[in-house]
Amino acid sequence: MELRMKYHYSYFIYPYVVKENRYRKYIQGLLKNSKCTLKTFEKRKNFSMYNYFLPTIRNFMFRSFEFAGNMRKFENIRSRIKSQYAFI
């Protein structure tokens, strides 16, 4: 008897390590890459996700919730400066 299974698609995330002294250069490369975009979240637009996560997890994984009013300023600065503030 065969088992019937639904097709399941999932993303595979491959972890890798970036050395601490090369981290800023790594972030600069991501910001310059046209295939890599910065995903931002707003409390109004993503309210269900905002309520789902605890505040500590929300601050760790979705930092852009904190920067709601300052995202325009962040988008206007150069990528060299952005890389300094990426994960402070």
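On a predicted model such as this, the values are computed, not experimentally measured, just so you know.

## A word on the overall build of the protein
What the protein contains, in helices and strands, is five helices and zero strands. Each helix (α) and strand (β) of the protein, taken in turn from the N terminus, gives the series α-α-α-α-α. Within the protein, the fraction of its 88 residues that count as buried is 14%. The long-range share in the protein, meaning contacts at least 24 apart out of those at least 6 apart in sequence, stands at 52%. Roughly 9,100 Å² of accessible area belongs to the protein as shown, and the carbon and sulfur atoms make up 57% of that amount.

## Details of the environment of Phe53
The residue Phe53 is located in the loop between helix H2 (47–52) and helix H3 (55–61) in this model. When neighbours within four sequence positions are excluded, Phe53 is seen to be in contact with Arg58 and Phe62.

## Some words on the pattern of salt bridges
The tally for this structure, following the rule as stated, stands at one salt bridge. With a closest N to O distance of 4.0 Å, Glu42 and Lys45 form a salt bridge.

## Quick notes on the confidence of the model for the protein
Looking at the protein as a whole, its pLDDT mean stands at 76, while 65% of the residues score no less than 70. Within the protein, the element-level pLDDT minimum falls on helix H5 (residues 79–84), averaging 62, and the maximum on H2, averaging 90.

## Describing a nonpolar patch on the surface
On the surface, Leu54, Ile57, Phe60 and Met61 cluster together into a nonpolar patch covering about 470 Å² of accessible area. Residue position: Leu54 is located in the loop between H2 and H3. Residue class for Leu54 comes out exposed when judged on its relative accessible area of 59%.

## Things to note about the environment of Thr40
Residue position: Thr40 is located in the loop between helix H1 (23–32) and H2. On a C-alpha basis, the gap between Thr40 and Arg63 in space is 8.4 Å, while along the polypeptide they are 23 residues apart.

## Some words on the packing of aromatic side chains
Evaluation of the coordinates by the stated rule reveals seven aromatic pairs. Note on Phe41 and Phe62: the rings are 5.1 Å apart at their centroids and 85° apart in plane angle, and the pair reads as edge-to-face. In this pair, Phe41 is assigned in the loop between H1 and H2 and Phe62 in the loop between H3 and helix H4 (71–76), connecting sequence segments 21 residues apart. In terms of burial, Phe41 and Phe62 fall into one category: buried.

## Some thoughts on the side chain of Arg58
Checked against the element boundaries, Arg58 lands in helix H3. Under the relative-accessibility criterion, Arg58 is labelled buried at 11%. From its side chain, Arg58 meets the backbone oxygen of Phe53 in a polar contact 3.1 Å long. Look past the residues within four positions of Arg58 in its chain and what remains in contact with it is Tyr50, Phe53, Arg63 and Phe65.

Calculation notes
- Residues numbered from 1 in each chain as written.
- Predicted model: local features only at pLDDT ≥ 70, side-chain atom pairs only at ≥ 80, totals over all residues.
- Heavy atoms only, no water.
- Helix = DSSP H or I, 4+ residues; strand = E, 2+ residues; numbered from the N terminus.
- Buried < 20%, exposed > 50% of the residue type's maximum accessible area, 1.4 Å probe, protein only.
- Contact = heavy atoms within 4.5 Å.
- Areas by Shrake-Rupley, 256 points an atom, 1.4 Å probe, with all protein chains shown as cover.
- Salt bridge = Lys/Arg side-chain N within 4 Å of Asp/Glu carboxyl O.
- pLDDT = per-residue confidence, 0-100.
- Patch = residues over 30% accessible without salt bridge, like charges linked within 9 Å, V, L, I, M, F, W, Y side chains within 5 Å.
- Phe/Tyr/Trp six-rings, centres within 6.5 Å; stacked < 30°, edge-to-face > 60°.
- Polar contact = N/O pair within 3.5 Å; in protein donor to acceptor, adjacent residues only side chain to side chain.

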